[in-house]
Amino acid sequence: MINLAERTLALCAIKSPVGEEAEIARYLAEETRGERIGNAVVLGRVSGSKPTVVLAGHLDTVPLQPGDFPPRREGGRIFGRGASDMKGALAVMIELWRNLDRDKLPVELVEIFYDREEGPYQENGLAPLLKARSDLREAALALCLEPTDLALQVGCCGSIHATLTLHGRSAHSARPWQGENAIHKAGALLLYLQSLAPRSVGIGELTFREVMSLTRIEGFTGRNVVPAKCEMNLNFRFAPGRSADEAAREVEELARRFGADCVITDKAPSGPVILDNPLLQELRAITAAPIEAKQAWTDVAQLGAQGIPAANFGPGEQAQAHQKNESCSEEALLRAYRMLEGFLTGAVT
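Residues numbered from 1 in each chain as written. Predicted model: local features only at pLDDT ≥ 70, side-chain atom pairs only at ≥ 80, totals over all residues. Heavy atoms only, no water.

A. Structural context of the packing of helix H1 (residues 4-12) against helix H2 (residues 22-32). Two elements in contact, H1 and H2, have axes separated by 10 Å at closest approach and are oriented at 145°. Within the contact between the two elements, H1 uses Arg-7, Ala-10 and Leu-11 and H2 uses Ile-24, Tyr-27, Leu-28 and Glu-31. Taken together, the residues that form the contact of H1 with H2 break down as 5 nonpolar, no polar and 2 charged. (Axes fitted to C-alpha atoms, helices over the stretch in contact; angles between N-to-C directions. Helix = DSSP H or I, 4+ residues; strand = E, 2+ residues; numbered from the N terminus. Contact = heavy atoms within 4.5 Å. Nonpolar A, V, L, I, M, F, W, Y, C, P; charged D, E, K, R; others polar.)

Below you can see the structure in the form of C-alpha cells.
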C-alpha cells in the first residue's frame, strides 16, 4: 500500500538539521533494511546485470524555524521542515523501494540517502558514501530528487563563495577626514555589481544564467567610528562548461580590479548537462516532464565528477524550499511516484 502523506509526516517528525542526521538515518535503515554507512543509507548494489538507475536524496534540512514542529496534514498538503526539500521525495523513494517488484524491472534500482547536503561542499556526506561504495560509479543514470516542481532539471550551476576585504583607517566619525572609510571604498564595487546583468550561457536547448551577488557586508566597529575594514561575501553562480578554478580566478580578478583582498571560502563545481543520455531521454519520453536548466547547485555536480550521469527530478516545490512553514503537495507526491514508477518499469534498455 502506498501511503506517501503519512510517510512524509513521519519523516518530517524527525528533526534532522544539517549535522544531526543520526536519528533519521536509523529510521531509514530500519524501515528499508538498507546498508548503514555512517549517517548514510544505501539500498541495493550495482551488479552490472542491467543498467542501473540510482535515486538519490539527502536526509538533512536547513536549520529549524519556529512552527516547524509538529508537522501537520492540512488541505491536501504536508507542512513541516523539509517537506519540499526533501522529505516528501524521500517518502517517494521509500515507497518505490517497498512496492516495486525490483527483480522484474528492466533496470537495476539503487537508492542512496546521505547527510550534510545543506552545509559546506567540503563536508557533504555524498563524497564519503561514493568512496565507500565504488560500485555506484557504474550507474547509467542518477536522479537527485531535489525540489523541481516535477520538471526535469538538467545540469546545475557551480558556486563560488569568497570573502572580499577592503581596508581603510579608523577615525572619529565627527572627523572622518582623519581616517579612510572602508565601507565607502566598497561603493564602486557595489555599484558595479548592481549594474551587472545576468550572463546567459546556452547549452543545447537549455539556458543557464551566471550571476554574482553580495550576500553579506560587515564593517561595524562602533556607531561613531569610521570603519577601518569592510568584509563582504561574494557568491558567484557559474554555468556548466567551466571549471570551479576558472570561476574562482574570475572572482579574484574582480577583487583586484576594485582593490580588495580575496579569499575563496567555498568552491563547488558545476554539473554536466547530459541531454544525450539514453535513460534520460527515456525518462523524458515516458513522463513528458518539462525540461529546464538547473539554476542552482545540487549534487548532480558531485555525481558527475565521479562519472555518474545525473539530473534533478523531484516532487518538492522550489518556492517552498528553506521557507518558514514549508509544505509540499500530496498530489505532487503521488504524481512523482507514478512518473518514476512508469519510468522504472517501462524503460527500454
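B. Seen up close, the sheet that holds strand E14 (residues 229-238). Taken in spatial order, the 5 strands of this open sheet run E11-E12-E14-E9-E15, and their pairing is antiparallel. The strands lining the two open edges of the sheet, one partner per strand, are strand E11 (199-203) and strand E15 (261-268). Recorded for the sheet is a direction-independent mean angle of 20° between the axes of neighbouring strands. Taken strand by strand, helix H6 (residues 187-195) contacts strand E9 (158-167), strand E12 (206-218) and E14, and its axis lies near 155° from that of E12. In the packing of helix H7 (residues 244-257) onto the sheet, the strands contacted are E9, E11, E12, E14 and E15, and the crossing angle to E15 comes to about 155°. (Pairing = 2+ DSSP bridges.)

C. Region of interest: the pattern of salt bridges. This model, assessed by the stated rule, comprises 26 salt bridges. Among the salt bridges present, the one from Arg-45 reaches Asp-135, with a minimum N-O distance of 3.6 Å. One end of the pair, Arg-45, is in the loop between strand E2 (40-43) and strand E3 (52-58); the other, Asp-135, is in the loop between helix H4 (126-132) and strand E7 (141-144), with 90 residues separating them in the sequence. Take Asp-135: its relative accessible area is 13%, and that puts it in the buried class. Put simply, Glu-246 and Arg-242 hold a salt bridge, and the shortest N to O gap is 3.8 Å. Looking at Arg-242, the relative accessible area reads 16%, which means it is buried. Three or more residues are tied together by salt bridges with common partners; here these are Arg-199, Glu-210, Arg-242, Glu-246 and Glu-250. (Salt bridge = Lys/Arg side-chain N within 4 Å of Asp/Glu carboxyl O. Buried < 20%, exposed > 50% of the residue type's maximum accessible area, 1.4 Å probe, protein only.)

D. Inspection of the pairing of E2 at higher detail. Across the two faces of E2 the burial is the same, with Ala-40 and Val-42 and Val-41 and Leu-43 all buried. Pairing of strand E1 (residues 35-37) with E2 involves 3 bridges; the strand directions are antiparallel. Note on E2: the bridge partner recorded for Glu-35 is Val-42. Here E1 folds back onto E2, and the loop between the two strands holds 2 residues, one of which, Gly-38, carries a positive phi near 65°. For E2 and strand E6 (residues 108-114), the ladder comprises 3 bridges, and the chain directions are antiparallel. Residue pairing in the sheet places Val-41 in a bridge with Phe-113 of E6.

E. Spotlight on H1. Buried residues dominate H1, accounting for 7 of its 9 residues. Every buried residue of H1 is listed here: Leu-4, Ala-5, Arg-7, Thr-8, Leu-9, Leu-11 and Cys-12. At its buried positions, H1 is contacted by H2, strand E4 (72-74), strand E5 (77-79), helix H3 (83-99), strand E18 (327-329) and helix H10 (330-346).

F. Summary view of the packing of H1 against H10. With their axes 9 Å apart at the nearest point, H1 and H10 run at an angle of 110° to one another. One way to sum up the angle between H1 and H10 is to call them roughly perpendicular. Every residue of H10 that contacts H1 at Leu-4, Ala-5 and Thr-8 is listed here: Glu-330, Leu-333, Leu-334 and Tyr-337. Looking at the contact of H1 with H10 residue by residue, the class counts come to 5 nonpolar, 1 polar and 1 charged. (Parallel < 35°, antiparallel > 145°, perpendicular 65-115°, else oblique.)

G. Representation of the packing of aromatic side chains in the model. What the rule picks out here adds up to 3 aromatic pairs. Here the aromatic rings of Phe-236 and Phe-238 are separated by 5.9 Å at their centres, their planes lie at 45°, and the arrangement is tilted. Judged by its relative accessible area of 0%, Phe-238 falls in the buried class. The positively charged end of Arg-257 is found above the aromatic ring belonging to Tyr-192, 5.2 Å away from the centroid. (Phe/Tyr/Trp six-rings, centres within 6.5 Å; stacked < 30°, edge-to-face > 60°. Lys NZ or Arg CZ within 6 Å of the ring centre and 35° of its normal.)

H. Representation of the sheet that holds E4 in the model. Across the sheet, which stays open at both edges, the 3 strands sit in the order E4-E5-E18 with antiparallel pairing between neighbours. Each end of this open sheet is capped by a strand with a single partner; those strands are E4 and E18. On average, adjacent strands in this sheet sit at an angle of 25° to one another, irrespective of strand direction. Two strands pair when backbone bridges link them, and E5 and E18 are joined in this way by 3 bridges, in the antiparallel orientation. Directly across from Phe-79, in E18, lies its bridge partner Ser-327. Strands E4, E5 and E18 of the sheet are contacted by H1, whose axis makes an angle of about 145° with E4.

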